[in-house]
Amino acid sequence: MTVQTFIPSRDEAASENTVHQPLNTSDLSSVKKLYIETQGCQMNEYDSHRMADLLGDSHGYILTQDPKEADILLMNTCSIREKAQEKVFSELGRWRKLKQQNPDLVIGVGGCVASQEGDNIQKRAPYVDMVFGPQTLHRLPQLLDQHEDQHKKPKKEKIKLVDISFPDIEKFDFLPEPRVEGHKAFVSIMEGCSKYCSFCVVPYTRGEEVSRPLDDVLAEIASLAERGVREVSLLGQNVNGYRGETFEGDVCTFAELLRLVAEIPGIGRIRYTTSHPLEFSEALIECYRDLPQMVSHLHLPVQSGSNDVLQAMKRNHTIDVYINKMEKLRKIRPDMHLSSDFIIGFPGETDENFAETLQFIKDLDFDHSYSFIYSKRPGTPASELEDTIPETVKKERLAQVQKIIKRSSIDKTDAMKNTIQRVLIEKVSDRDPHLLVGTADNTRYVTFVGDASWVGRFAEIEITEIKTLNLVYGELLNLEPDVA
Ligand code: SF4
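Residues numbered from 1 in each chain as written. Predicted model: local features only at pLDDT ≥ 70, side-chain atom pairs only at ≥ 80, totals over all residues. Heavy atoms only, no water.

Participant: Would you explain the nonpolar core in this entry?
Facilitator: Nonpolar side chains in soluble globular proteins tend to be buried together. Counting 54 residues, the largest nonpolar core has Ile189, Leu234, Phe254, Leu257, Tyr272, Phe280 and Leu298 as the members making the most contacts within it. Ranked by size, the runner-up nonpolar core spans 23 residues in total, among them Leu34, Ile36, Leu54 and Leu144. (Core = buried A, V, L, I, M, F, W, Y, C linked by side-chain atoms within 4.5 Å. Buried < 20%, exposed > 50% of the residue type's maximum accessible area, 1.4 Å probe, protein only.)

Participant: How should I be thinking about helix H12 (residues 319-332) in this particular structure?
Facilitator: Three- or four-residue spacings in an α-helix give side chains the same orientation, since the helix completes a turn every 3.6 residues. Taking 1.5 Å as the rise per residue, H12 with 14 residues should run 20 Å; its terminal C-alpha atoms sit 20 Å apart, in good agreement. Of the residues making up H12, those classed as buried are Ile319, Tyr322, Lys325, Met326 and Leu329. Along the axis of H12, the buried residues cluster in a sector spanning 140°; they form a single face. Opposite the buried face of H12, at more than 90 degrees from it, the exposed residues are Asp320 and Lys331. Against helix H10 (282-290), strand S15 (297-299), helix H11 (307-312), strand S16 (337-339) and helix H13 (351-364) lie the buried residues of H12. (Helix = DSSP H or I, 4+ residues; strand = E, 2+ residues; numbered from the N terminus. Expected span 1.5 Å × (residues − 1). Arc of directions from axis to C-beta. Contact = heavy atoms within 4.5 Å.)

Participant: Just to check I follow, could you spell out the sheet that holds strand S20 (residues 435-440) for this structure?
Facilitator: Taken together, the five strands give a closed barrel; going around it, the order is S19-S20-S21-S23-S22, and neighbouring strands pair in mixed fashion. For this sheet, the mean angle separating the axes of adjacent strands, direction not counted, is 50°. Bridge count for strand S21 (residues 445-449) against strand S23 (residues 471-479) is four bridges, and the pairing is parallel. Each bridged residue has a counterpart across the sheet, and for Val446 the counterpart in S23 is Val472. (Pairing = 2+ DSSP bridges. Axes fitted to C-alpha atoms, helices over the stretch in contact; angles between N-to-C directions.)

Participant: Quick question: what am I supposed to make of the site of the ligand here?
Facilitator: Within the structure, the ligand sits among Cys193, Lys195, Tyr196, Cys197, Phe199, Cys200, Val202, Pro203, Gln237, His276 and Arg315. Across the shell around the ligand, the residue classes break down as seven nonpolar, two polar and two charged. (Near = heavy atom within 4 Å. Nonpolar A, V, L, I, M, F, W, Y, C, P; charged D, E, K, R; others polar.)

Participant: I keep staring at the UniProt feature "binding site: [4Fe-4S] cluster 1" (unreviewed entry) in the protein chain and nothing clicks. Help me out?
Facilitator: According to UniProt, the "binding site: [4Fe-4S] cluster 1" (unreviewed entry) feature falls on Cys41, Cys78 and Cys112. Taken along the chain, the residues just named run across 72 residues; in space they keep tight, none of their C-alpha pairs more than 10.9 Å apart. Looking at the element boundaries, Cys78 is found in the loop between strand S4 (72-77) and helix H2 (84-101). Leave out the neighbours within four places in its chain, and Cys78 touches Gln39, Gly40, Asn44, Ala84, Cys112 and Val113. Among the secondary structure elements, Cys112 is positioned in helix H3 (residues 111-117). Given a relative accessible area of 8%, Cys112 falls into the buried group. (UniProt positions renumbered as here; feature names shortened; annotations may be inferred.)

Participant: I would appreciate a short explanation of helix H9 (residues 254-262) in the present structure.
Facilitator: Looking at H9, one finds that the buried residues are Phe254, Ala255, Leu257, Leu258, Val261 and Ala262. Projected onto a plane normal to the axis of H9, the buried residues spread over an arc of 155° and lie on a single side. Here the buried face of H9 lies against helix H8 (214-226), strand S11 (231-235), strand S13 (251-253), strand S14 (269-273) and H10.

Participant: Explanation requested: the pairing of strand S2 (residues 33-38) in the structure shown.
Facilitator: In summary, the side chains of a regular strand alternate between the two faces of the sheet. Where burial is concerned, most of S2 is hidden: six out of the six residues are buried. Side chains Lys33, Tyr35 and Glu37 of S2 all project onto a buried face; the interleaved residues Leu34, Ile36 and Thr38 project onto the opposite face, where all are buried too. Relative to strand S3 (residues 62-63), S2 runs parallel, the two sharing two bridges. Paired with Lys33 across the bridge in S3 is Ile62. For the handedness criterion, the β-α-β arrangement of S2, helix H1 (residues 42-59) and S3 is classed as right-handed. In this sheet, S4 lies alongside S2 in parallel orientation, the contact comprising five bridges. (Right-handed = clockwise from strand over helix to strand, strands pointing away.)

Participant: In this structure, what is going on with the pairing of strand S18 (residues 370-373)? I would like to understand it.
Facilitator: Judged from the four bridges that link them, strand S17 (residues 341-344) and S18 form a sheet pairing that is parallel. Paired with Phe342 across the strands is Ser371, a residue of S18. Handedness of the crossover joining S17 and S18 through H13: right-handed.

Participant: Looking at this structure, I do not really get the pattern of salt bridges. What am I missing?
Facilitator: Any two side chains of opposite charge can pair, given that their charged atoms come close. Taken as a whole, this structure holds 28 salt bridges when the rule is applied. One salt bridge in this structure joins Arg243 and Glu279, with 3.5 Å as the shortest N-O distance. Remark: Glu279 occurs in the loop between S14 and H10 and Arg243 occurs in strand S12 (residues 243-245); sequence separation between them is 36 residues. One network of salt bridges, with partners in common, ties together Lys195, Glu209, Arg243 and Glu279. (Salt bridge = Lys/Arg side-chain N within 4 Å of Asp/Glu carboxyl O.)

Participant: Any chance you could explain the packing of H13 against helix H14 (residues 391-414) here in plain terms?
Facilitator: Each pair of packed helices gets described by two things: the angle between the helix axes and the distance between those axes. Here H13 crosses H14 at 10°, and the two axes come no closer than 10 Å. The angle between the axes of H13 and H14 places the two elements in the roughly parallel class. Two secondary-structure elements touch here, H13 through Asp351, Phe354, Leu358, Ile361 and Lys362 and H14 through Arg397, Gln400, Val401, Ile404 and Ile405. Tallied by class, the residues present in the contact of H13 with H14 amount to six nonpolar, one polar and three charged. (Parallel < 35°, antiparallel > 145°, perpendicular 65-115°, else oblique.)

Participant: Where do I start with unusual backbone geometry in this structure?
Facilitator: For residues that are not glycine, phi is negative in most cases, and the peptide bond is trans in most cases. With an omega of 0°, the peptide bond between Thr273 and Thr274 qualifies as cis. Positive phi is not limited to glycine here, since Gln303 has a value of about 80°. With respect to the secondary-structure elements, Gln303 resides in the loop between S15 and H11. Overall, Gln303 belongs to the buried group, its relative accessible area being 8%. We note that Lys314 has phi near 60°; this positive angle belongs to a residue other than glycine. Among the structural elements, Lys314 can be located in the loop between H11 and H12.

Participant: Which parts of the structure should I look at to understand the side chain of Asn442?
Facilitator: On the secondary structure map, Asn442 appears in the loop between S20 and S21. Each residue touching Asn442, except ones within four places of it in the same chain, is listed here: His297, His337, Asp367 and Met416.

Structure below.
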């Protein structure tokens with residue numbers, strides 16, 4: 001299944017990893033088609049996949065990559081970037097033309113901008129039929145039914161279909177079992193965030209932290225493993241804040257959850273995103289010591305390397321806290337690849353503050369990381385702060401950060417030469433049927449000669465050649481037994 005996305009993948013070799021949903025082509029003319037445009041983070045990508053599963057199960061929709069042939073267009077929006085609302089309305093303007101050509105076309109807007117804007121979306125774009133939030137996407141089939149009922153009614157009897165409420169985690173009770181495509185899967189373990197960093201809209205658009213019950217998460221992962229999944233990525237805005245209720249009514253922490261996931265037969269690799277430095281606990285660090293399934297790759301957002309800026313951002317920790325935790329982690333896993341998020345040009349960031357961030361980035365030796373110039377998000381405390389840093393200065397600072405991180409990422413890929421990497425074999429290469437493609441712990445794609453029957457297994461590969469920043473070649477040393 002392919003979900004269209006605004007944000008290009010940071011993996012240059014991502015095309016090697018695209019999994020296409022097999023379509024039954026016997027009678028495609030009568031099948032209803034769904035097009036989803038996804039903006040933003042992995043949570044949104046996960047949600048888009050769930051929307052497709054849901055409407056596939058309830059109404060028989062199949063995905064299309066062409067909005068022109070779709071019967072329903074869904075936009076899963078993100079409000080993290082600057083002018084997010086404007087981008088949404090500009091994109092909707094394009095869809096309006098499609099609706100003029102096909103009045104039966106259904107247009108829905110979900111995600112964080114929908115959550116923020118609510119019925120304003122339909123005020124500005126009356127051709128939008130449905131608005132739903134991240135926590136109510138499970139009600140899409142009902143919204144669609146309501147829309148179909150409304151379609152037959154006179155205009156004055158029509159009501160606006162807007163559902164952006166925050167029902168506590170109810171959505172997971174109504175979503176169908178995720179479909180399995182390939183050998184990797186995302187599993188959402190919690191929703192929302194209660195950290196209220198001063199620049200961030202998430203607590204307002206996705207609500208406060210709510211964890212899925214432990215048994216639900218474990219049952220979903222066990223089912224995925226039975227259907228061939230070997231790598232799970234646990235998803236949430238702040239996964240290490242996970243407090244899942246157990247069957248007995250106790251609370252399971254994130255570290256405890258990881259240990260239980262590692263016991264599920266077939267799960268050979270565990271990733272997670274995103275987490276907060278404050279709750280990066282000793283117990284979590286010990287998981288890296290005890291669980292070989294934990295990858296030696298961690299994305300831990302820090303946002304700034306300056307204590308003054310961290311304080312203004314209300315991150316509630318200092319740089320030393322972050323450094324100490326990472327030092328402990330790297331003692332256990334010296335090969336740990338660390339990535340992060342950086343906001344550059346936060347209001348009040350001085351030259352000295354920025355110099356601290358640069359030094360911090362050098363000291364921590366980050367791999368691929370995300371860095372952006374700060375932009376005000378409506379309704380956040382930081383949006384009240386006076387922004388006095390000239391745009392040229394912000395751009396210059398961002399360029400410096402990105403240059404250092406890119407250099408470090410290149411060095412890390414180069415350093416893989418002659419090392420042995422554990423790789424999950426994901427597919428036969430599109431380019432050559434004798435080549436297999438897999439991923440290493442550090443997310444680089446690894447290509448090597450092998451047999452198609454090995455797909456879905458782990459292998460130790462000696463890296464012999466560096467092709468690009470994200471693609472290396474190697475030779476098989478050892479194929480792990482098939483756990484199926
Ligand atoms: S921890 Fe992350 S999601 Fe939560 S408020 Fe801060 S930046 Fe936003």
